[in-house]
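In case you want the letters, here they are:
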Amino acid sequence: MHTQLIAPLASPDLPLAAAGGKAANLSAMLAAGFPVPPGFVVLTAAYRRFAADNKLDSLIAAQWQRCELQRPDTFEAASEVVRQAFAAGKLASDLADAITSQYAALGTDVPVAVRSSATAEDLPDASFAGQQDTYLHIRGSENVLIAVQRCWGSLWTARAMAYRLRQGIAPQDVSLAVVVQEMVPARAAGVLFTVNPVTGDPSEMMINATWGLGEALVSGHVTPDTVLVDKASAAIKQVILGDKLVMTAVDDSTGSGTIETPVAAEAQAQQAVDAAEIAELVRLGSRLEQHFGKPQDVEWAVTDGRVVLLQARPVT
């Protein structure tokens, strides 16, 4: 039987075990008509195939044995060895061709976001959010292939390995799918919680917003705006302006990748999202919460006045 290695993001019913949490949720959102950028998923079977082709499982097992929870340096050392092996591994030609043909279907040299989707990620009882890497504004098939391999390798960051050892998750029980999605040239981006994450109040939503791509916020490099909203009426209850000192922007000098740039003083003092965008976020957030049947933690971006959704997972 031919094992499926790649699937369009719009495939119906992408299973968690094959596509990981992020992709499975995005697929369900697309099917329900939410505004999600198009793309495809490199399934976990491709990760396992690459690991087997390059004999990485035995290397991982050996490095895992060296890790001790009381010694962070052991995780750093093991991670370095494993991630270098992933970066140096050889991608089978049929697998490379499958990825590049799906990429070509999005358009000629379209900028994409290449993001990990772990099988143990975004589960109700364990939040793996931010444990693996994301590569933004990647252009050209060669660069996409490199980013996919790096994403696979990021399953073995020191932080992710330590987290899994604490949770009692064995190395052979995890694998990684990779989402490749058309890049959104975000004017502003952020996170929406469909309940108040501080108080747990289900009648309120909280929006964190910053200029540019969401990466500066996710990585903790900026203090975003915080907007507290009444869920039923979308009335704004409170706005706390963040400093928004830097923003993640597309790196125009190389045509691929991103850079952090300073934000002008007048923009720092401005709200990153306006009332109409806030109302749209509340509307989409309410729909997502109904669709998934529980409070959601949503990554979003605003481009050309449109709100697009980049990820949704249960609030943990």
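Before any of the text, the structure's been laid out above.
What counts as what
Residues numbered from 1 in each chain as written. Predicted model: local features only at pLDDT ≥ 70, side-chain atom pairs only at ≥ 80, totals over all residues. Heavy atoms only, no water. Salt bridge = Lys/Arg side-chain N within 4 Å of Asp/Glu carboxyl O. Helix = DSSP H or I, 4+ residues; strand = E, 2+ residues; numbered from the N terminus. Buried < 20%, exposed > 50% of the residue type's maximum accessible area, 1.4 Å probe, protein only. Expected span 1.5 Å × (residues − 1). Pairing = 2+ DSSP bridges. Phe/Tyr/Trp six-rings, centres within 6.5 Å; stacked < 30°, edge-to-face > 60°. Axes fitted to C-alpha atoms, helices over the stretch in contact; angles between N-to-C directions.

Regarding the pattern of salt bridges
- As enumerated under the stated definition, the model contains twelve salt bridges in all.
- Among the salt bridges present, the one from Glu277 reaches Arg187, with a minimum N-O distance of 2.6 Å. Here the residue Glu277 occupies a position in helix H10 (residues 275–292), and Arg187 occupies one in the loop between strand S5 (176–182) and strand S6 (188–193), the gap between them amounting to 90 residues.
- Exposure remark for Glu277: the relative accessible area of 7% places this residue in the buried category.
- Residue classification places Arg187 among the partly exposed positions, given a relative accessible area of 35%.
- Across the pair Glu204 and Lys237 runs a salt bridge, and its minimum N-O distance is 2.7 Å. Remark: Lys237 occurs in strand S9 (residues 236–240) and Glu204 occurs in strand S7 (residues 204–211); sequence separation between them is 33 residues.
- When its relative accessible area of 9% is taken as the criterion, Glu204 is described as buried.

Looking at helix H6 (residues 141–153)
- If you check H6, its first and last C-alpha atoms are 19 Å apart, about what 13 residues at 1.5 Å a residue would give, namely 18 Å.
- Residues of H6 that are buried: Val144, Leu145, Ala147, Val148, Gln149, Cys151, Trp152 and Gly153.

With respect to the pairing of strand S2 (residues 39–42)
- Judged by which residues are buried, S2 turns out to be covered on both faces: Gly39 and Val41 on one side and Phe40 and Val42 on the other are all buried.
- When strand S1 (residues 6–8) meets S2, the two strands line up antiparallel, connected through three bridges. Residue pairing across strands places Ile6 opposite Val42, the latter belonging to S2.
- Of the pairings in the sheet, the one linking S2 to S5 comprises four bridges and is antiparallel in character. Within S5, the position partnered with Val42 by the bridge is Val178.

Re the packing of aromatic side chains
- If you walk through the whole model with that rule in mind, you get five aromatic pairs.
- Summarising the aromatic geometry, the rings of Tyr47 and Trp152 are spaced 6.4 Å apart at their centres and angled 75 degrees between planes, so their arrangement reads as edge-to-face. Linking Tyr47 in helix H2 (residues 44–53) with Trp152 in helix H6, this pair joins segments that are 105 residues apart in sequence.
- When its relative accessible area of 3% is taken as the criterion, Tyr47 is described as buried.

Re the sheet that holds S7
- Sheet architecture is open: six strands sit in the order S9-S8-S7-S6-S12-S13, paired in antiparallel fashion. Whereas interior strands pair on both sides, the edge strands pair on one side only; in this sheet they are S9 and strand S13 (306–314). Going from strand to strand, the sheet's axes swing by 20 degrees on average, the running direction of each strand aside.
- With six bridges connecting them, S6 and S7 associate as antiparallel partners. Counted as the bridge partner of Ala188 is Trp211 from S7.

As for H2
- For H2, every residue scored as buried is listed here: Thr44, Ala45, Ala46, Tyr47, Phe50 and Ala51.
- With its phi angle positive at about 50 degrees, Lys55 sits one or two positions after the end of H2.

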